[in-house]
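Structural overview
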Amino acid sequence: MKFFLDTANTDDIRKYAELGLVDGVTTNPTLISREGRDFETVVKEITTIVSGPVSAEVTATKADEMIEQARSVAKWADNIVVKIPMTEEGLKAVRVVSQEGIKTNVTLIFSVAQGLLAAKAGATYISPFLGRLDDIGTSGVQLIKNLRKVLDNYNFETEIISASVRGVQHVEEVALAGSDIATIPASVFGKMFKHPLTDNGLASFMKDWAEFEEGQRK
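The following refers to the structure shown. As the structure is a computational prediction, the values presented were derived from the model and not from experiment. Position labels on residues start from 1 in each chain and follow its written sequence. In keeping with the predicted nature of the model, local features appear solely for residues at pLDDT of at least 70, side-chain atom pairs appear and are counted solely at 80 or more, and the whole-chain, interface and lining totals rest on all residues. The side-chain values count all of the structure's non-hydrogen atoms but skip hydrogen atoms and water molecules.

Okay, the pairing of strand E8 (residues 181-184) next. Relative accessibility thresholds used throughout: buried, under 20% of the residue-type maximum; exposed, over 50%; partly exposed, between the two (1.4 Å probe, protein chains only). Under the scheme used here, helices are H or I runs from DSSP no shorter than 4 residues and strands are E runs no shorter than 2 residues, and both carry numbers assigned from the N terminus. Residues Ile181 and Thr183 of E8 are buried on one face, and the alternating residues Ala182 and Ile184, pointing to the opposite face, are buried as well. With 4 bridges joining them, strand E1 (residues 2-6) and E8 adopt parallel strand pairing. Across the sheet, residue Phe3 finds its bridge partner in E8, namely Ala182. Note that strand E7 (residues 159-162) and E8 share 2 bridges and pair parallel. The residue of E8 that forms the bridge with Ser162 is Ala182. A right-handed crossover is one whose linking path, passing over the helix from the first strand to the second, runs clockwise when the strands point away from the viewer. Note on the crossover from E7 through helix H9 (residues 168-177) to E8: the handedness is right-handed. Strands qualify as paired when DSSP identifies two bridges or more between them.

What follows is the structure, encoded as structure tokens:
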């Protein structure tokens, strides 16, 4: 399973990329706006930090404008993936640019039908949103399971990026469900290293070692 960071904060990306555990990055207009920096500048910087896929989202709503933006953004770096929303216009754009060899990530997937349409349009990745489905009383993890089954049934090469991850449990559940990728906020990624029993065990080991060394000195 691959781990992407869902952020546009280059400090966080550098921090975790140094561990060799980050396979890619996803961004969106909201994440970019929080950084208060130029969109192109931020995305290009991210592509120099990680060698894996970096998703950069179009902001147009019409297919012809999305296609134009996708072609432009794809030239920024070899590891750019163009993020396109799950709309009829969006899938028109995905069909065109995918045939041109541009990698795409269809975002805002909330149903199997949407995921299937995006895969048929040629999407490299689809991004179902777990947390937002959970917010309305629908199981986001069950959607991942259903998408996994459908994509496998028909041998689609499209990869599933589990998005809108709210906690470590989400990551564990989508791993069990067969998601290809989880894109994880930096705040959640940091929690994946931690468990209270690990902390307690380490503290106990260190205490015992300190007592042992004290005894050796006496």
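Following the structure, the description resumes.
Bringing the packing of aromatic side chains into the picture now. Aromatic rings from Phe, Tyr and Trp, with only the six-membered ring used for Trp, were paired whenever their centres fell within 6.5 Å, and each pair was classed as stacked if the ring planes differed by under 30 degrees, edge-to-face if by over 60, and tilted otherwise. Scanning the model with the defined rule gives 8 aromatic pairs in all. Here Phe189 and Phe193 contribute two aromatic rings whose centre-to-centre distance is 5.9 Å and whose plane-to-plane angle is 70°, an arrangement assigned as edge-to-face. Its relative accessible area of 2% is what places Phe189 among the buried residues. On the basis of relative accessibility, which here comes to 45%, the residue Phe193 falls in the partly exposed class. Clustering of aromatic rings is evident, with ring pairs tying together Phe3, Tyr16, Phe189 and Phe193.

We define the nonpolar core as a collection of buried residues of types Ala, Val, Leu, Ile, Met, Phe, Trp, Tyr and Cys that are connected through side-chain atoms lying within 4.5 Å of one another. Val82, Ile84, Val106 and Ile126 are the most contacted members of the largest nonpolar core, which has 55 residues in total. Ranked by the residues each element gives to this core, the list is headed by helix H8 (residues 140-153), at 5 residues. Residues contacting Ile126, with those up to four places away along its chain left out, are Asn105, Val106, Ile109, Gly115, Ala118, Leu147, Leu151, Thr158, Glu159, Ile160 and Ile161. Of all hydrophobic cores here, the second largest spans 5 residues; its members include Phe4, Val81, Tyr125 and Ile181. Pairs of residues are marked as contacts when any of their non-hydrogen atoms sit within 4.5 Å.

The subject of this paragraph is the packing of helix H6 (residues 112-121) against H8. Angles shown run from 0 to 180 degrees and are taken between the N-to-C directions of axes, each axis being a line fitted to C-alpha atoms and, for helices, limited to the stretch in contact. Relative orientation of the contacting elements H6 and H8 amounts to 40°, with a least axis distance of 10 Å. Comparing their axes, H8 and H6 come out oblique. Here H6 and H8 pass one another in a crossing that is right-handed. On the side of H6, the interface is formed by Val112, Gly115, Leu116 and Ala119, while H8 contributes Leu143, Asn146, Leu147, Val150 and Leu151. Its residues assigned to classes, the contact of H6 with H8 shows 7 nonpolar, 2 polar and no charged. In these notes the angle categories are as follows: under 35 degrees is roughly parallel, over 145 is roughly antiparallel, 65 to 115 is roughly perpendicular, and the rest is oblique. By convention the crossing between two helices is left-handed if the near helix lies anticlockwise of the far one by an angle smaller than a right angle, and right-handed if it lies clockwise. Under the grouping applied here, Gly and all other residues not named as nonpolar or charged are polar, the nonpolar ones being Ala, Val, Leu, Ile, Met, Phe, Trp, Tyr, Cys and Pro and the charged ones Asp, Glu, Lys and Arg.

In spatial order, the strands read E1-E2-E3-E4-E5-E6-E7-E8; together these 8 strands close into a barrel with parallel pairing. Strand-to-strand twist of the sheet, defined as the mean angle between neighbouring strand axes without regard to direction, takes the value 30°.

All right, on to the pattern of salt bridges then. Salt bridge, as used here: a side-chain nitrogen of Lys or Arg that lies within 4 Å of a carboxyl oxygen of Asp or Glu. This structure, assessed with the given rule, holds 11 salt bridges. Lys44 is the salt-bridge partner of Glu40, the closest N and O atoms lying 2.6 Å from each other. In this pair, Glu40 and Lys44 are both assigned in helix H3 (residues 39-49), 4 residues apart and thus about one turn of the helix distant. Through salt bridges that share partners, Arg14, Arg37 and Glu45 make up one connected network.

Turning our eyes to something else, we now look at the environment of Glu88. Its location among the elements puts Glu88 in helix H5 (residues 88-99). Once the C-alpha coordinates of Glu88 and Thr61 are considered, the two residues, 27 residues apart in sequence, prove to be 9.8 Å apart.

Structurally, the position occupied by Ile80 is in strand E4 (residues 80-85). Taking the C-alpha atoms as reference points, Ile80 and Thr26, separated by 54 residues in sequence, lie 10 Å from one another. Setting aside residues up to four positions removed in sequence, Ile80 forms contacts with Val43, Thr47, Val54, Val73, Ala74 and Lys103.

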